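One letter stands for each residue in the lines below.
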Amino acid sequence: MPTIIINTAREFNGIIEVPGDKSISHRAVMLGSIAEGITEIKGFLMGEDCLRTIEAFRKMGIDIRQRTENREQKTEIAIHGKGLRGLSAPNKELYLGNSGTTMRIILGILAGQDFECTLSGDESLSKRPMKRVSEPLSLMGAIITPKTKNREPNIELFPPLTIKGKYPLKPIKYKLPVASAQVKSALLLAGLYSNGTSEIEEPLQSRDHTERMLKEFSADINIKGSKLLIKSSKLIAKGNIDIPGDISSAAFFMVAAAISKSSKITIKNSGINPTRIGIIDVLKRMEAKLAITNEKRDYFEPTADITVEASALKGATIEADMIPKLIDELPVIMVAAVFSKGSTVIKGASELRVKETDRIVSMLTNLKRMGADIKTEGDDIIISGSGTLTGAEVDSFGDHRTAMSMAVAGLRAKGKTTILNTDCIDKSFPEFERLFGACCAN
Ligand code: S3P
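Bear in mind that the values here come from a model prediction, so they are computed numbers and not experimental data.

Reading the values: rules and limits
Residues numbered from 1 in each chain as written. Predicted model: local features only at pLDDT ≥ 70, side-chain atom pairs only at ≥ 80, totals over all residues. Heavy atoms only, no water. Near = heavy atom within 4 Å. Polar contact = N/O pair within 3.5 Å; in protein donor to acceptor, adjacent residues only side chain to side chain. Areas by Shrake-Rupley, 256 points an atom, 1.4 Å probe, with all protein chains shown as cover. Nonpolar A, V, L, I, M, F, W, Y, C, P; charged D, E, K, R; others polar. Domains from an automatic or database assignment. Salt bridge = Lys/Arg side-chain N within 4 Å of Asp/Glu carboxyl O. Helix = DSSP H or I, 4+ residues; strand = E, 2+ residues; numbered from the N terminus. Buried < 20%, exposed > 50% of the residue type's maximum accessible area, 1.4 Å probe, protein only. Pairing = 2+ DSSP bridges. Axes fitted to C-alpha atoms, helices over the stretch in contact; angles between N-to-C directions. Contact = heavy atoms within 4.5 Å. Buried area = accessible area lost by both parts, 1.4 Å probe. Parallel < 35°, antiparallel > 145°, perpendicular 65-115°, else oblique. Left-handed = near helix turned anticlockwise from the far one by under 90°.

Draft legend 1. Layout of the site of the ligand. Taken together, Lys 22, Ser 23, Arg 27, Thr 101, Arg 104, Ser 180, Ala 181, Gln 182, Arg 207, Ile 327, Asp 328 and Lys 355 make up all the residues around the ligand. Take Gln 182: an N or O atom from its main chain is 2.9 Å from an oxygen atom of the ligand. A distance of 2.7 Å separates an oxygen atom of the ligand from a polar atom in the side chain of Asp 328. Burial of the ligand by the protein chains amounts to 94% of its free accessible area of 380 Å². Looking at the shell around the ligand residue by residue, the classes come out as 2 nonpolar, 4 polar and 6 charged. Built from parts of two domains, the shell around the ligand gets at least three residues from each of domain 1 (3–19 + 244–441) and domain 2 (22–242).

Structure, rendered in structure tokens:
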């Protein structure tokens, strides 16, 4: 059972780059596969989830080649796209491991195919709700059913599931009940296979990587306020895509430096897409010393270098409408809150309950074990900044972000922190242990 041991660190310093953005890596493979022409992706995240996406499209007949893989050179992937209708039926079910993003978004593409296909995943993925995506796709004409029929599909739909696509799909006018980039992306991609204009609206804006990349691939997409209009249109391969560093991975390093004494970290070439920078806004509100330099805004995904220095943090209130911009960073924000003066309240974090694990439970259990003053009221999380933790044995609960957040907590805890089941980190950040360790001075 892989385990990480963290000892109290005196300082946390470095100038680093984090691996490529997970969300953008998935989308680059998906759009590249259904585009016409070759897409070369630089900085692709070789994490387990993104490899599942590659594997799935290979099984549907797409030629995807890896050109380089070593620490000095960024990973380059070449995708030989076959156009919207170029996928072939896989001869076995598509096993997607732990990747909820692959499963939800790929459903949008499979909805427009004229073949049937079964999607499955590991134990955690088999507990993730799929009705939020199957319901609107069914309105467009796809037939999505649970593989095992006794699972009460009227209440919720869980993998494994079978999708029978249809071409063309009916266009849809749909308002998402919850802000979800995965659901929105599935519907946008299904919209490419429909015979009209689909209109998709979200209650709050979630990450917009799909919209941005669709434009890069010349799709007919229009954004009118909170409404997204998408028409059937073919995708033209863009040639090269450079994937910026994942700000969700950078977040662990940002908080680690902010809560440590006399520390300074610079993360170079991090994505700073406005729909993802909730962590920057919150750290600034907590009065962290944070600077953004070397901004590059002429590319379809903006990037910058982010520097964070040791700071006397103050508690903050995070309102529910901010959650989509920092959903994946909430676990590490809870750690920052423990080392802040005063209390931090995170409101309406219900979506944390349906991630790889219930992240409210995983973080509460772990932080309490280390002595934190943290409680919940419904889906609100309330943390009283005590400024201290004691090393303990904690668990990832199979969730990569819980595991890495606990590594950050361990830096400032008295004594040794042992994090169990850390193999899940490979999902989004295979180099985490090495890079994190290199920044620690004991
Ligand atoms: C993702 C969207 C978010 C996020 C997940 C990746 C994506 O989920 O939590 O890690 O790439 O679209 P939701 O869309 O379910 O909020």
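That was the structure; now back to the text.
Draft legend 2. Representation of the pattern of salt bridges. Inspection of every chain in the model, using the stated rule, returns 33 salt bridges. Between Glu 216 and Lys 238 there is a salt bridge whose closest N-O contact spans 3.2 Å. Within this pair, whereas Glu 216 is found in helix α6 (residues 209–216), its partner Lys 238 is found in the loop between β14 (235–236) and β15 (239–242), the two being separated by 22 residues in sequence. Judged by relative accessible area, which is 26%, Glu 216 ranks as partly exposed. The class for Lys 238 is partly exposed, based on a relative accessible area of 25%. A salt bridge links Arg 401 to Asp 328, with the nearest nitrogen and oxygen atoms 3.9 Å apart. A residue pair is termed long-range when its members are at least 10 positions apart, and Arg 401 in helix α11 (residues 400–412) and Asp 328 in the loop between β19 (317–318) and α9 (330–338) qualify at 73 residues. Put simply, Asp 49, Arg 207, Asp 328, Glu 356, Arg 359, Asp 399, Arg 401 and Lys 427 are held in one network by salt bridges that share partners.

Draft legend 3. Highlighting the sheet that holds strand β1 (residues 3–6). Taken in spatial order, the 3 strands of this open sheet run β1-β24-β23, and their pairing is mixed. This sheet does not close on itself; its edge strands, each paired only once, are β1 and β23 (393–395). Averaged over all pairs of adjacent strands, the angle between their axes in this sheet comes to 20 degrees, without regard to strand direction. Pairing geometry for β23 and strand β24 (residues 417–420), over 3 bridges, is parallel. Residue pairing across strands places Glu 393 opposite Thr 418, the latter belonging to β24.

Draft legend 4. Layout of the sheet that holds β19. An order of β19-β20-β22-β21 is seen for the 4 strands of this open sheet, with the pairing classed as mixed. If you trace the sheet from one side to the other, it starts and ends with β19 and β21 (373–377), each paired once. Examined bridge by bridge, β19 and strand β20 (residues 342–346) share 2 bridges and lie parallel to one another. Residue pairing in the sheet places Thr 317 in a bridge with Val 345 of β20. Its contacts with the sheet place helix α10 (residues 359–369) against β21 and β22 (380–385), and it is angled at close to 150 degrees to β21.

Draft legend 5. How the structure looks around the domain arrangement of the chain. When cut into domains, the chain gives domain 1 (3–19 + 244–441) and domain 2 (22–242). Computed from C-alpha atoms alone, the centre-to-centre distance between domain 1 and domain 2 is 28 Å. Across the contact, 30 residues belong to domain 1 and 31 residues belong to domain 2. Buried surface at the junction of domain 1 and domain 2, both sides included, amounts to about 2600 Å², of which 49% is carbon and sulfur. Three residues stand out in domain 1 for area buried against domain 2, namely Thr 275, Phe 300 and Lys 427, and they jointly supply 26% of the buried area on that side. For the pair domain 1 and domain 2, the number of links is 3 salt bridges.

Draft legend 6. Examining the packing of helix α4 (residues 131–140) against helix α5 (residues 181–191) more closely. With their axes 9 Å apart at the nearest point, α4 and α5 run at an angle of 20 degrees to one another. Between α4 and α5, the angle is such that the two are roughly parallel. When you trace α4 past α5, the crossing you get is right-handed. On α5, the residues that touch Arg 132, Val 133, Pro 136, Leu 137 and Met 140 of α4 are Val 183, Ala 186, Leu 187, Ala 190 and Gly 191. Class assignment of the residues belonging to the contact of α4 with α5 gives a composition of 8 nonpolar, 1 polar and 1 charged.

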